[in-house]
Amino acid sequence: MGGAVVDEGPTGIKAVSVFFKELIREFGIGYSDTAWISSILLAMLYGTGPLCSVCVNRFGCRPIMLAGGLLASLGMVSASFCGSIIQLYLTTGVITGLGLALNFQPSLIMLNRYFNKRRPMANGLAAAGSPVFLCALSPLGQLLQDHYGWRGGFLILGGLLLNCCVCAALMRPLEAPKPGSRPGPQRPSRRLLDLSVFRDRGFVIYAVAASIMVLGLFVPPVFVVSYAKDLGVPDTQAAFLLTILGFIDIFARPTAGFITGLKKVRPYSVYLFSFAMFFNGFTDLTGSTASDYGGLVVFCIFFGISYGMVGALQFEVLMAIVGTHKFSSAIGLVLLLEAVAVLIGPPSGGKLLDATHVYQYVFLLAGAEVVTSSFVLVLGNFFCIGRRPKAAAEEEEHHKPPPDADVRVDSREVEHFLKAEPEKNGEVVHTPETSV
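Calculation criteria
- Residues numbered from 1 in each chain as written.
- Predicted model: local features only at pLDDT ≥ 70, side-chain atom pairs only at ≥ 80, totals over all residues.
- Heavy atoms only, no water.
- Core = buried A, V, L, I, M, F, W, Y, C linked by side-chain atoms within 4.5 Å.
- Buried < 20%, exposed > 50% of the residue type's maximum accessible area, 1.4 Å probe, protein only.
- Helix = DSSP H or I, 4+ residues; strand = E, 2+ residues; numbered from the N terminus.
- Contact = heavy atoms within 4.5 Å.
- Salt bridge = Lys/Arg side-chain N within 4 Å of Asp/Glu carboxyl O.
- Axes fitted to C-alpha atoms, helices over the stretch in contact; angles between N-to-C directions.
- Parallel < 35°, antiparallel > 145°, perpendicular 65-115°, else oblique.
- Left-handed = near helix turned anticlockwise from the far one by under 90°.
- Phe/Tyr/Trp six-rings, centres within 6.5 Å; stacked < 30°, edge-to-face > 60°.
- Patch = residues over 30% accessible without salt bridge, like charges linked within 9 Å, V, L, I, M, F, W, Y side chains within 5 Å.
- Areas by Shrake-Rupley, 256 points an atom, 1.4 Å probe, with all protein chains shown as cover.
- Lys, Arg positive; Asp, Glu negative; His and termini not counted.
- Charge placed at Lys NZ, Arg CZ, Asp CG, Glu CD.
- pLDDT = per-residue confidence, 0-100.

A word on the nonpolar core. Judged by nonpolar contacts, the single largest core of 110 residues is most densely connected at Leu88, Phe203, Val224, Phe273 and Leu318. The biggest single contributor to this core is helix α14 (residues 293–322), with 16 residues. When sequence neighbours within four positions are dropped, the list of residues in contact with Val224 reads Leu241, Leu242, Leu296, Phe299, Cys300 and Phe363.

See below:
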């Protein structure tokens, strides 16, 4: 359901990075200046997390995603008419970033509401939408740049982003009818932003580790195309590196979700996530030794595997830590904390590159940051919150229906439910959390 929009912000950033060389030539700027486009876009994606949480809890997922799709498209279309890098910061960074944020977070929240028992697999499959589009957008971006320039490319990408509105139309609140159920007392309305998650040690440790991780997580995809071009690789071949990364990522995410969903593995998803972070950081460290196109291809293969594991597990682990009811607030607060790190990561890599003109140092710095985050998460979980690995199993047990109630809903029942009249089975829930 959310595959087309889950993790779309990082996907868009990797696709836009194809245009960086052209922007550097046209505006006479450095690598750090173009890297600010990625950082501002990511900062909006992450920093507006609490705002998105409040909007979703107040108005529901579907209208917020519709507004986000329009904003994302407007930002890219406006960017095609920009005459300075500052204007690109405002259009591509701020406006498009806000639009993607209004799509990114609601899609994760809705996914969490639709699934419980098979949620890890659902997360993996939904997250696979990101590399699918990356495989297409990276060569498409290069093709658009060759034929229409960066301005024409941005204009066409802005039109493609309108498809987010189509995805938003599918985010229909769903509450399966329960045979013989009687109206019970209404639950108290949910807070627009629940700050009580900070009392959970598991959440605090996760937030700190995730913030350190994003310092370096998005740096290699931003610079790998420019790295290849600097080695003398033709532009088309350089852009193909992101396609390789995305293709591997397509299979890594569902596979990681399937493994995490196994009964004996799911209680230890936090440790599996820590391994994924370590694997990603170690890949960056070894990738710094690449000196030709073949070496970068090998790097992209292993980076795609590790990045796919991180993408499939990061929000599944957060759901397991805080539970379903606090997730909409927790994800907004985590994204806000990560926004600060996002503003530092790619620009610091660009500054380092401008000062040294050595791409290896950029990859070493990114790898060290991601490896550090893996140790923070695994050691914090082991020594401070050893009780938390059981959270997923406890939540699943808590939401298990009573044995005398037949509430199984197969695909035909869901289809019938979606087509039926609302008054016959109460599919529209008029609460601040789900009303459309």
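Turning our eyes to something else, we now look at the pattern of salt bridges. Where side chains of opposite charge bring their charged atoms close, a pairing between them can arise. For the structure on display, the rule yields four salt bridges. Of the charged contacts, one joins Arg25 and Glu22 as a salt bridge, the two residues approaching to 2.9 Å between their closest N and O atoms. Of this pair, Arg25 and Glu22 are both found in helix α2 (residues 20–27), three residues apart, which corresponds to roughly one turn of the helix. Of the residues examined, Arg25 reaches a relative accessible area of 56% and is grouped as exposed. Exposure remark for Glu22: the relative accessible area of 23% places this residue in the partly exposed category. One salt bridge connects Asp249 with Arg253, and the closest N-O pair in it is separated by 2.8 Å. Here Asp249 pairs with Arg253, and both are found in helix α12 (residues 235–260), just four residues apart, close to one helical turn. You can call Arg253 buried: its relative accessible area is 0%.

The next thing to look at is the packing of helix α15 (residues 327–356) against helix α16 (residues 359–384). Axis separation between α15 and α16 bottoms out at 8 Å; the angle between their running directions is 150°. As judged from the angle between their axes, α15 and α16 are roughly antiparallel. Crossing of α15 against α16: the hand is right-handed. Only Tyr359, Tyr361, Val362 and Leu365 of α16 make contact with α15, whose side of the interface consists of Ser348, Gly349, Leu352, Leu353 and Thr356.

On to the side chain of Glu316. Here Glu316 lies in helix α14. Excluding residues that lie within four positions of it along the chain, Glu316 makes contacts with Arg119, Pro120, Asn123, Thr260 and Arg266.

Our focus in this paragraph is the packing of aromatic side chains. Using the criterion set out here, one finds 17 aromatic pairs in the structure. Taken together, a centroid distance of 5.3 Å and an interplanar angle of 80° make the contact between Phe198 and Phe203 edge-to-face. Plain terms: the ring middles of Phe247 and Phe251 are 5.2 Å apart, the flat faces sit at 75° to each other, and that makes the pair edge-to-face. Taken together, the positions of Phe247 and Phe251, both in helix α12 and four residues apart, correspond to about one turn of that helix.

A positive phi angle, close to 55°, is found at His357, a residue other than glycine. One can find His357 in the loop between α15 and α16.

What follows is about helix α4 (residues 49–59). Since the α-helix turns once every 3.6 residues, residues separated by three or four places project in the same direction. Among the residues making up α4, those that are buried are Gly49, Pro50, Cys52, Ser53, Cys55, Val56 and Asn57. Packing partners of the buried residues in α4 comprise α3 (31–47), α5 (61–79), α6 (85–114) and α15. Of the residues trailing α4, Gly60 is marked for its positive phi of about 100°.

Attention shifts here to a nonpolar patch on the surface. On the surface, Phe278, Phe282, Phe375, Leu379, Phe382 and Phe383 cluster together into a nonpolar patch covering about 660 Å² of accessible area. Among the elements of the structure, α13 (269–287) and α16 are those that each provide at least two residues to the nonpolar patch. As for its position among the elements, Leu379 is in helix α16.

A few words now on a positive patch on the surface. Side chains of Lys117, Arg118, Lys263 and Lys264 sit close together on the surface and give a patch of like positive charge. Mapped onto the elements of the fold, Lys117 is located in the loop between α6 and α7 (119–127). What makes Lys117 exposed here is its relative accessible area of 54%.

Turning our attention to the confidence of the model for the protein. Averaged over the protein, the pLDDT score is 78; the fraction of residues at 70 or greater is 80%. Element-level mean pLDDT values for the protein span from 40 in helix α19 (residues 422–425) up to 93 in α13. This model gives residues 1–7 a pLDDT under 50, and the stretch forms 28 contacts once residues within four places in sequence are excluded. This stretch, residues 183–188, has a pLDDT under 50; its non-local contacts, to residues over four places away or in other chains, come to one contact.

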